[in-house]
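# Overview (structure and organization)
Read off the chains here:
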Amino acid sequence: MGRMKFLCDVERCIDCNGCVVACKEGHHIPVGVNRRRVISINQGEMGEKSISVACMHCSDAPCIAVCPVDAIYQRDDGIVLVSKKTCIGCGYCFMACPFGAPQFPSGQVFGARGAMDKCTFCAGGPEETHSKEEKKLYGQNRIAEGKVPLCAAMCATKALMAGDADVVADVYRERVFTRGSGANAWGWDRAYKKK
Amino acid sequence: MAQKKVRSTHIADSKSTRVSLNPKLARRSFLKISAATAALTGVAMTSKFTRKAMAADAAVKDPYPGSKKVKTICTHCSVACGIIAEVQNGVWVRQEVATDHPLSRGGHCCKGASAIDMVTSEKRLKGPMKRVNGKWQKLSWDQALDEVSQKLLAIRDNDGPDAVHWNGSAKVSTEMAYLQRKLAAFWGTNNIDHQARICHSTTVAGVANTWGYGAMTNSVNDIRHSKLIFFIGSNAAAAHPVAMQHILHAKEKNNAPVIVVDPRFTRTAAKATDYVRIRSGSDTAFVMGLINAIIENDWHDKEFIRARVAGFDEMKAVAKAYTPEVVEDIAGVPPEQLLHIAKLLATHRPGTVIWCMGGTQHSIGSSNTRAYCILQLVLGNMGVSGGGTNILRGHDNVQGATDMCVLSNSLPAYYGLKEGSWKHWCRVWDVDYEWMLGRFKDKEYMGKKGFTLARWYDGVNQEDELDQYTPLKSVIFWGCASNSQSQFHKLKKALDKMDLAVIIDPFPTITAAACEKDNVYLLPSSSQYETSGSTTSTSRQIQWRYKVVEPVHDCRDDYWIMSELCKRFGFAEEFYKNIKQVPEDITLELGRGSLTIGYNGQTPERIKKHTDNWHTFNIDDMQAKGGPCDGDYYGMPWPCWTEDHPGTPILYDVSKTVAEGGLPFRNRFGVEKTYDASGRKENQLAAEGVYNPGSQVKGGYPEFKDIVPGTNWKTDLSQKTLKEAIKRGQAPFGNARARCVVWNFPDQVPIHREPIHSPRPDLIAKFPTYEDQPKHFRLLTRYKSEQKPEWVKEFPLILTTGRLVEYMGGGAETRSNKYLAELQPEMFFEINIKTANNYSIRNGDMVWIESPNGGRIKVKAKITKRIDEHTIWMPFHFAGYLEGRSLADNYPEGTVPYVLGESANVVTNYGYDIVTQMQETKTGLCKISKA
Amino acid sequence: MKRILIPATIAVTGMLAAVVYAGTDPALVTSIDAGPSTAAYLQFNEIFTGDWQQYGKLFTSLQANLFSRIFLLVVTLVPVIFFFHYLAIGPKKFDHSGPQIYYFNLFARIIHWLAAISFSLLVITGLLVILGKMLGGGAVIRNGRSVHILSAIIFTISAIPMFLMWLKDMLPALCDIKWLFIIGGYLSKKKTPVPAAKFNAGQKMWFWLATLGGFVMAYTGYFLWSFQGSVDNLRLMVIIHNFLGAALTALFLVHLYMSLFAIAGSLGSMISGYKPQDEIDILHSRYKY
């Protein structure tokens, strides 16, 4: 049994928002709800970097800890999901989350928030797999189909990775190592004038 | 409700106590992790990834039972990513990931990720419409087509065939683009053009005149082998995001420096190792400065130049003037940086040069593009993997449409407009040349270049003197935006003067909203996912875009509209003589005629076979190893000379036999030339010892002719000449040198000339523009008389435009996509903090921007460090506001795009390339004031 | 905690490289020094988790461990104490057949009951939310949250006139200290006059907490409803809301016990407006009628 993780490689992310739209289009998410976002730092100067962030499916997820109705739960593979039927839209998970992942579409009464929506790692929700209800509430369940999440699969530059933690870490380690033979190898700039 | 889960309330507890006990969940938790993880290797940098993502276990339920998966190609940019469309009961239910596509490997930018929206968008046109008393009125297809064709025929009778201007499209299939060009020919005019005019026309002209073909020489995938990547005027991260996958691969694997030369610090620059800020419009000066520095330091590839380059000495003499100090004065690049870049170029070979509209959209665009080519020639980077000029084209099929020459200056496949060219195509079409001549006003107009997309509206407004017997009375926009043309406010004026404007598009486009007279017809064509045909990517690869679903609403596919129009014009029989099955027979016909560029080897069967088996192609060299396409290169990059030729992945590569995809430089401009500048006579054929393996001639040779008497390799429809050449191991087009001196251009060697609207009066005196051209694509184009040194006093800021990743072209499609609209909800312009403070403009303030040519727009300021203090930058995708006025009410009901905004092209300046009439939108002047 | 996951690990391992980079050859500074990704990761951490470090952690551990327990404690412990008080001391009984004094006018009573009902609903629905997991969440609690929001509006509106109308009588007086010393005489069964005017010190405490505290609750609650401002601000708001809420719940239960059980027939005075003179003489000995 693997542990599912996301990893975004900032050296690769070009802020094209492919992941964001792949997620929205794939799950028919209402406008205004962002399961995934791309954030950039140092825009327009040296050191501009972007990163794509969604729910990180934390171990010890703070959202699970603070949920007053236990609507959020973690699967054995580490994916953190929310039961929208249980959720009351209090917003505590949003305040607990370090990544700003929980999103709240507006509900019907007094402009109160509806049930929380967040990245499902393309794993649907507690309803029957591939049922109409699951599709409507949570979008596709690609994990059940044996597919990687849409955002990572559609990443233009393969910056965003998703999947089994060990494999993701291996891929990333290999990348860092390969880069190491190039511009950023430790000590190269001093020892060999970068070449 | 009973407690479903057991969980410790103690936060520091391990996760194991939070395991779900819900049996439903527990069962589903055991997803096919192995499969998901296997698919994940697609993100690894391994080049061996050709495996299909492991299919889900049979036990896993299929969310869409009975659905079929259709392979198709994204319709946004020319990178041509693969899409797998899942179709259930004739409805496109889901966009699947084409993980095994050899180029994109499943990758998409935000536009491609919502490709399905092209079909599902609520903003699509639902049926034919016309404007009556300012209101949009629905009508039937029959009625619409009858009225349109009657009106057009009436104009043809009264004012002549040249009173109609056709704007074709780079967003349709190659077959459809070919039909558009053919339609103009049968109509009897050369007034046909499309987006390539304002996108890469200067590239095609400049590059083809340097070494034979005006296209990307290598491929997007081949950039993986580059040791250096030199971007100039290209923002691939925004315009070609998926190409960045291979570019970053080269950066990481090869330790390749990435140099970005641009007036704006783009998102591509964010990934660069070196960023060079040049003044907009100083490309030639900067690149000639690099060439000079390379030669001065003896870093040039002397053997390559000796054997394969012509006119080097003459070019060297010109480049000498561009010393680091001169370049600093013109481009603003410090001499140390220039030398640093030159040294990087010299020490990292092969490097590739990538350019886009930042280089092409200038009055000296055709000099810019030649300067880039010469840089690669001097470095000896041509014809090798990892080198070449990797010109990234714009629209998804702009390469195909350019190859089909939906252009006012040529018949398909760059045959030109000479009598011989017409006769060639008449033979292909199986029509009598005399009959064809009869369609035109006279023989002069048959061979005369028509109006271009850049300036057709001046054929209506007549602000500059016309060189045609009648002004334009009607315009047809067939898959073409109008807000991408400079001086859009004048274009709008022209639309209101026209007798008839017809818009054939899946979306109403701004053209429909800008026409405020009862002269507009809207014919809703289907999107390209609702029809089929081949499409040529920027890498010259041809893929088959399969039909995903039948046309939605009351839309019709382009082929149907074309045939209905031809019927009503009365030449359907001649037009469709060879075409029974659409579109396959069109592919065959255009292939039969397009011998110059080797479109004949790519039969529809082969193209489909490649697309069906895209997983068998290697991502590194794009060759199929085994499988049904064994040995072929993906998409059979043209030229593909015969039906068993594998395609030419790298142009001018003399290390391979011609039969395996090798080629020398093309012999196109005679065998000998005496240069005007030096009086030196030079053999234009390649030197002894330069030849493709297996060639019977061990050196240069001229192009093939008279294998079949009276024909040459371009006109021998039996294709015997091509086969004979390949049998002899030779290229049909000869083996020549690449030219540094293009004697048929006004500037034989690229030299810097100040933009028409230059902020530097002192440099205008030193580097003035050209003389006015009275007969430039059927009208006067002003150069010297427009280049006034005093402009800068009133209009002190440089204006340049560019792309956003979220939108494409004029944005009619993408601004109608709610998710993309959400990401870029409004028009803005970028301004440096210093400039903003000087004008007391704050972030978010509304600002009037005015151009010297009378246009003005009101846009929101975005303060940024991306741009320097002398320049402002704007995206050009927006439309729907005109000089502060909303045009939302002019759209048909329910089709107003989610995002409206001022069109940047209202303020882009007058100014056109001397060779191709490319609009100068990348540099101009403007003034700003707080609104 | 492993919450920062990979970025942090890489950040640490990359520190050494970063040190070396500081000494890059100045001749090559024209090249953008790509710098280690770690620098960027650190910067992103700053953006994402920077403010989380301040109140996020505090909120998370308070909400996960404390709040629901405090409320649970309040709603169990307070009634238990009063239960024993009732058993040990029992209700104070006064002569209702004697003269009646007009104590609360109609306006005061209407305002009181508006505030009382909405406040009760606030307490009940608030408890529903905070103790939601015992009830399984879902529609009941979700509707409870809607009622909470509606009640909050009604309470805020009614609390304003209540505050103004009783402000003068609720101002602290010297006798309040004496009252506090003897805890209002509630710990004895004897009927000795207690030092208090119209309202005793207990009532005053309850008044100030319910009105001023109520306004704070409304203010913080508004943020929790609207999600305006920074996340960190929200975290602070919710912490205040919950602590204050617990205090209010406790005093609410006290008030409930006093009016329903501790003083027999006390409820009637808020309905009819009349209090027995006997009761006033003992419990509000300084009241001038």
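### Overview of the overall build of chain B
If you tally the helices and strands in chain B, you get 32 helices and 31 strands. Each principal axis of the C-alpha distribution contributes one length, and for chain B these read about 95 × 65 × 65 Å. Among the 931 residues that make up chain B, the fraction classed as buried is 65%. Across chain B, the fraction of contacts at a sequence separation of at least 24, relative to all contacts at a separation of at least 6, is 72%.

### Here we look at the overall build of chain A
The secondary structure content of chain A amounts to 7 helices and 6 strands. Counting from the amino terminus, helix and strand elements in chain A follow one another as β-α-β-β-α-β-β-α-α-α-β-α-α. Looking at chain A as a whole, 67% of its 195 residues are labelled buried.

### Topic: helix H26 (residues 584-593) of chain B
Burial of H26 of chain B is extensive: 7 of the 10 residues sit out of reach of the surface. The set of residues buried in H26 of chain B consists of Glu584, Ile586, Thr587, Glu589, Leu590, Gly591 and Gly593 of chain B.

### Considerations on the sheet that holds strand S1 (residues 68-73) of chain B
All names here are of chain B. Here we have 3 strands laid out as an open sheet, ordered S1-S2-S3, and antiparallel in their pairing. Of all strands in the sheet, those bounded by a partner on one side alone are S1 and strand S3 (91-96). Neighbour-to-neighbour, the strand axes of the sheet open up by a mean angle of 35°, direction not taken into account. Inspection of the sheet shows S1 paired to strand S2 (residues 82-88) by 6 bridges, in the antiparallel sense. The residue bridging Ile73 from the neighbouring strand is Gly82, located in S2.

### Examining the sheet that holds strand S8 (residues 228-232) of chain B
Residues and elements named next belong to chain B. Spatial ordering of the open sheet is given by S10-S9-S8-S12, a layout of 4 strands whose pairing is parallel. Of all strands in the sheet, those bounded by a partner on one side alone are strand S10 (274-276) and strand S12 (351-355). Looking at each pair of strands side by side, their axes are set apart by 15° on average, direction ignored.

### Notes on the pairing of strand S25 (residues 846-850) of chain B
All names here are of chain B. The two faces of S25 differ: Val847 and Ile849 on one face are buried, but Met846, Trp848 and Glu850 on the other face are not. Here 5 bridges tie S25 to strand S26 (residues 856-864), and the two strands are oriented antiparallel to one another. Residue pairing in the sheet places Trp848 in a bridge with Lys858 of S26. In sequence, S25 turns back onto S26 through a hairpin of 5 residues, with Gly854 there showing a positive phi of about 95°.

### What to know about the pairing of strand S21 (residues 773-776) of chain B
Side chains on a regular strand alternate between the two faces of the sheet. Residue and element names in this part refer to chain B. Pairing between S21 and strand S22 (residues 779-781): 2 bridges, direction antiparallel. Directly across from Gln773, in S22, lies its bridge partner Thr781. Hairpin connection of S21 to S22: 2 residues between the antiparallel strands, including Phe777 at a positive phi of 55°.

### Details of the packing of helix H8 (residues 201-226) of chain C against helix H9 (residues 231-262) of chain C
The angle between the axes and the distance between the axes are what describe a pair of packed helices. All names here are of chain C. The interhelical angle for the contact between H8 and H9, taken along N-to-C directions, is 145°, at an axis separation of 9 Å. Between H8 and H9 lies a crossing of left-handed hand. Facing Trp206, Leu209, Ala210, Gly213, Val216, Met217, Thr220, Gly221, Phe223 and Leu224 of H8, the residues of H9 in contact are Leu234, Met237, Val238, Ile240, His241, Leu244, Gly245, Ala247, Leu248, Leu251 and His255. When its residues are assigned to classes, the contact of H8 with H9 shows 15 nonpolar, 6 polar and no charged.

### Quick look at helix H27 (residues 604-612) of chain B
Note that an α-helix has 3.6 residues per turn; residues three or four places apart therefore point the same way. Here H27 of chain B has its buried residues at Pro604, Arg606, Ile607, His610 and Thr611 of chain B. Down the axis of H27 of chain B, the buried set is contained in an arc of 165°. They therefore lie on one face.

### Structural notes on the environment of Phe767 of chain B
Residue and element names in this part refer to chain B. As for its position among the elements, Phe767 is in the loop between helix H29 (761-766) and S21. On the basis of neighbour counts, which here come to 20 C-beta atoms within 10 Å, the residue Phe767 falls in the buried class. Through-space distance from the C-alpha of Phe767 to that of Pro755 is 9.3 Å; in sequence the pair is 12 residues apart. Residues contacting Phe767, with those up to four places away along its chain left out, are His752, Arg753 and Glu754.

### A few points about unusual backbone geometry
In this structure, the amide linkage connecting Arg349 of chain B to the following residue, Pro350 of chain B, adopts the cis form with an omega of -5°. In this fold, Pro350 of chain B is placed in the loop between helix H14 (335-347) and S12. Here Asp70 of chain A, not a glycine, exhibits a phi torsion of approximately 55°, which is positive. Considering the arrangement of structural elements, one finds Asp70 of chain A in the loop between helix H2 (62-66) and strand S4 (72-74).

### Considering the confidence of the model for chain B
Residue and element names in this part refer to chain B. On average, residues of chain B carry a pLDDT of 91, and 93% of them reach 70 or more. Across residues 1-59 the pLDDT falls below 50, and counting only partners more than four positions away or on other chains, this stretch makes 115 contacts in the model. Predicted complex metrics record ipTM = 0.92 and pTM = 0.89.

### Some remarks on the environment of Met874 of chain B
All names here are of chain B. Relative to the assigned elements, Met874 resides in strand S27 (residues 871-875). With 659 residues separating them in the primary sequence, Met874 and Ala215 have C-alpha atoms 28 Å apart. Those residues in contact with Met874 that sit more than four places away from it in its chain are Thr801, Phe829 and Ala904.

### Here we look at the environment of Arg69 of chain C
Residues and elements named next belong to chain C. Position of Arg69 relative to the elements: it lies in helix H3 (residues 56-88). For Arg69, a count of 12 C-beta atoms within 10 Å gives the class exposed. Spatially, the C-alpha atoms of Arg69 and Leu131 are 8.8 Å apart, while their sequence positions differ by 62 residues.

Cut-offs and rules
Residues numbered from 1 in each chain as written. Chains lettered and ligands numbered in written order. Predicted model: local features only at pLDDT ≥ 70, side-chain atom pairs only at ≥ 80, totals over all residues. Helix = DSSP H or I, 4+ residues; strand = E, 2+ residues; numbered from the N terminus. Buried ≥ 20, exposed ≤ 12 C-beta atoms within 10 Å, placed from the backbone. Contact = placed C-beta atoms within 7 Å. Pairing = 2+ DSSP bridges. Axes fitted to C-alpha atoms, helices over the stretch in contact; angles between N-to-C directions. Left-handed = near helix turned anticlockwise from the far one by under 90°. Nonpolar A, V, L, I, M, F, W, Y, C, P; charged D, E, K, R; others polar. Arc of directions from axis to C-beta. pLDDT = per-residue confidence, 0-100.

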